[in-house]
Amino acid sequence: MVTEKEIWQYLEEVFDPEVPVLTVIDLGVVQKVSLESDVCKVTITPTYSGCPAMKRIEDDIIEKLTEKGVPKTEVELVLSPAWTTDWITEAGRKKLKEYGIAPPEDEPDKTVLFAKPVVVPCPNCGSRDTRMVSQFGSTACKAHYQCNDCLEPFDYFKCLR
Amino acid sequence: MNALFEYLVRLGDDSLIIGHRLSEWCGHGPILEEDIAMTNLSLDFIGQATSFLKYAGEVEGKGRTEDDLAYLRFDRDYRNLLLVEQPNGDFGMTIVRQFLFDAYRKLLFERLIHSKDETIAAIAAKSLKETKYHLKHSSEWVIRLGDGTEESHQRVQDSLDTLWRYTSELFYADEVDEKLVKDGVIPSMEGLESAWKASVNEVLAEATLKVPDNNWKHEGGRKGMHSEHLGYILAELQYMQRAYPGLEW
């Protein structure tokens, strides 16, 4: 008989389809795991309202747990409490950086117009001399930056609170 | 009439239609970054529409899903604001439309997070985080264009003058709103209009734009009376489901 602890371990093998170095645990989208008789219920929360990866994550969780021998898995999507990048684990931040995506920085109030963009160290060479190219990037959760030293363009995982 | 269903459809349709309008910029943005920005915003709105319409379907209890509501209703059943269905025009027109709408949505969601309906409060809290981003983006562009060149200034001023007539509808309230406020489902919207005017005026002043003195009101969207533009949007939006009913991929 599978335990909740084992389910949490299995979920560490389910990856985010958009950022494939992060597991759903690293990303902080798994809210709850519960077991009732033979049914495993996993509660997840979306990163952004329109994140197209959520359906895929749901399917991947069911597939992984089925593969591990869990007889029946149900995935429930909840909106509250709303996800924040603060839930990305330390291990997740490290993996992001190694993958070439700058992890979220502590950003000031986003309602301030024309605020100086937050300093994001280059994940490639570590330089702090970087510039924001666009507040919007390849996916809803990222902004586009470039390093002024090594000239490498890179993604920055935006702070969402 | 089910007031809660009606209210959710209004919020969902606003999100869906403005999301669709923004998606029309895909591949046509004035610069690559803005092309990406507008499609990013579009995705947030379509996500918000999904949340609202899904819940609307559950509240209605007739087994309609968010997709049924989006793809299988006719224009008269749509409840979105006239503002959001207005054509994109040039980039300045799109930005002004977005700015007027974002300023309203931020204030609206700041109230709806206190809704006694847990699902509305949850969708509002989720959407508010995204809306703050949207408003910053549209406000900064209004200021850049308004306080930019003579031509950019003139264009956004013209857009503002054109779209202003649709702004009174942002604060439209009827028996639907009254019932939900009375039942304690949503908080009172008193002061929403003055707060909106204050926040909009602040940005317009910085953009050196003149607040239009035209007080002509153009309303009807909340009752399903739309401008001719909505039909064309739905023709495109619903084409697949109309041509191939039940199609999935």
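Residues numbered from 1 in each chain as written. Chains lettered and ligands numbered in written order. Predicted model: local features only at pLDDT ≥ 70, side-chain atom pairs only at ≥ 80, totals over all residues. Heavy atoms only, no water.

1. Some thoughts on the overall build of chain B
Just so we agree on the cut-off: Numbering of helices and strands runs from the N terminus, with a helix taken as a DSSP run of H or I at least four residues long and a strand as a DSSP run of E at least two residues long. Each residue is assigned to one of three classes by its accessible area relative to the maximum for its type, calculated with a 1.4 Å probe on protein chains only: buried under 20%, partly exposed between the two thresholds, exposed over 50%. Every residue pair with non-hydrogen atoms within 4.5 Å of one another is taken to be in contact. The accessible surface values rely on the Shrake-Rupley method and a 1.4 Å probe; as for residues, cover is taken only from the protein chains in view. Charge counting follows a simple rule: Lys and Arg are positive, Asp and Glu are negative, and His as well as the terminal groups are ignored. A charged residue contributes its charge at one atom only: NZ of Lys, CZ of Arg, CG of Asp or CD of Glu.
Along chain B, the regular secondary structure elements total 11 helices and 0 strands. Projecting the C-alpha coordinates of chain B onto the three principal axes gives extents of approximately 55 × 45 × 30 Å. Looking at the 249 residues of chain B, the share that counts as buried comes to 56%. The contacts of chain B with a sequence gap of at least 6 include a subset with a gap of at least 24, amounting to 83%. On chain B, roughly 11,000 Å² of surface is accessible, and the fraction owed to carbon and sulfur atoms is 53%. Both charge centroids of chain B, one from 28 positive and one from 43 negative side chains, sit 4 Å from each other.

2. As for the interface of chain A and chain B
Applied cut-off: Put simply, buried area is how much 1.4 Å-probe accessible surface two parts lose in total, over both of them, once they are put together. What makes a salt bridge here is a side-chain nitrogen of Lys or Arg within 4 Å of a carboxyl oxygen of Asp or Glu, nothing more. Polar contacts, as counted here, are pairs of nitrogen or oxygen atoms within 3.5 Å of one another; within protein the pair requires one atom able to donate a hydrogen and one able to accept it, and residues that are adjacent in sequence qualify only if both atoms are side-chain atoms.
Residue-level contacts link 29 residues of chain A with 27 residues of chain B. Counting the surface lost from both chain A and chain B, the interface buries some 2,400 Å², and carbon and sulfur atoms represent 65% of this. Broken down residue by residue, the surface that chain A buries against chain B is led by Ser49, Phe114 and Phe136 of chain A, which jointly contribute 28%. Here chain A and chain B share 0 salt bridges between them. Counting the contacts that link chain A with chain B gives 8 residue pairs in polar contact (both at pLDDT 80 or more).

3. Details of the sheet that holds strand 1 (residues 30–36) of chain A
Strands in a sheet are paired, the pairing made by backbone hydrogen bonds, and the direction either parallel or antiparallel. Residues and elements named next belong to chain A. The condition is simple: Two strands make a pair as long as DSSP finds a minimum of two bridges between them. Axis geometry follows a simple rule: fit a line to the C-alpha atoms, using only the stretch in contact for helices, then measure angles between N-to-C directions, giving values from 0 to 180 degrees.
Spatially, 1-2-3 is the arrangement adopted by the 3 strands of the open sheet, whose pairing is mixed. Edge positions in the sheet fall to strand 1 and strand 3 (72–77), since each of these pairs with one other strand and no more. Neighbour-to-neighbour, the strand axes of the sheet open up by a mean angle of 20 degrees, direction not taken into account.

4. As for the pattern of salt bridges
Taken as a whole, this structure holds 28 salt bridges over all chains when the rule is applied. Notably, a salt bridge pairs glutamate 13 of chain A with lysine 64 of chain A, separated by 3.5 Å at the nearest N-O pair. On the criterion of sequence distance, the pair formed by glutamate 13 of chain A in the loop between helix 1 (4–11) and helix 2 (24–27) and lysine 64 of chain A in helix 3 (residues 53–67) is long-range, its members being 51 residues apart. A cluster of three or more residues bridged by salt bridges with shared partners is formed by Arg10, Asp174, Glu175, Asp177 and Lys223 of chain B.

5. Concerning the nonpolar core
To keep it simple, the criterion reads: Remark: nonpolar core denotes a set of buried residues (Ala, Val, Leu, Ile, Met, Phe, Trp, Tyr, Cys) joined through side-chain atoms within 4.5 Å.
Counting 75 residues, the largest nonpolar core has Leu100, Tyr104, Leu112 and Trp196 of chain B as its most contacted members. Considering each element in turn, this core owes the most residues, 13 residues, to helix 5 (residues 91–112) of chain B. If sequence neighbours within four positions are ignored, leucine 100 of chain B has contacts with Leu83, Leu160, Leu163, Trp164, Thr167, Leu170, Trp196 and Val200 of chain B. Of all hydrophobic cores here, the second largest spans 33 residues; its members include Val19, Val70 and Leu160 of chain A together with Tyr133 of chain B.

6. Digging into the pairing of strand 1 of chain A
Residues and elements named next belong to chain A. As paired elements, strand 1 and strand 2 (residues 39–44) share 6 bridges and run antiparallel to each other. Counted as the bridge partner of leucine 35 is cysteine 40 from strand 2. The hairpin formed by strand 1 and strand 2 contains 2 residues between the paired strands, and serine 37 there has a positive phi angle of roughly 45 degrees.

7. Notes on the side chain of serine 15 of chain B
Tracing the chain through its elements places serine 15 of chain B in helix 1 (residues 3–23). When neighbours within four sequence positions are excluded, serine 15 of chain B is seen to be in contact with Phe45, Gln48, Ala49, Phe52 and Arg105 of chain B.

8. Comments concerning a nonpolar patch on the surface
Note the threshold: Patch definition: residues above 30% relative accessible area lacking any salt bridge, with like charges linked at up to 9 Å and the nonpolar side chains Val, Leu, Ile, Met, Phe, Trp and Tyr linked at up to 5 Å.
A contiguous nonpolar surface patch, about 650 Å² in accessible area, is contributed by Tyr239, Met240, Tyr244, Leu247 and Trp249 of chain B. As for its placement among the helices and strands, tyrosine 244 of chain B is situated in the segment after helix 11 (239–243).

9. Focus on the domain arrangement of chain A
Residue and element names in this part refer to chain A. Under the convention used in this document: Domain boundaries shown here were taken from an automatic or database domain assignment.
Segmenting chain A into domains produces domain 1 (4–83) and domain 2 (89–157). Between domain 1 and domain 2, the C-alpha centre-to-centre distance is 27 Å. Contact with domain 1, which involves 11 residues of that partner, is made by 12 residues of domain 2. Scanning the region where domain 1 abuts domain 2 turns up 1 salt bridge. A salt bridge links aspartate 26 to lysine 95; the shortest N-O distance between them is 2.5 Å.

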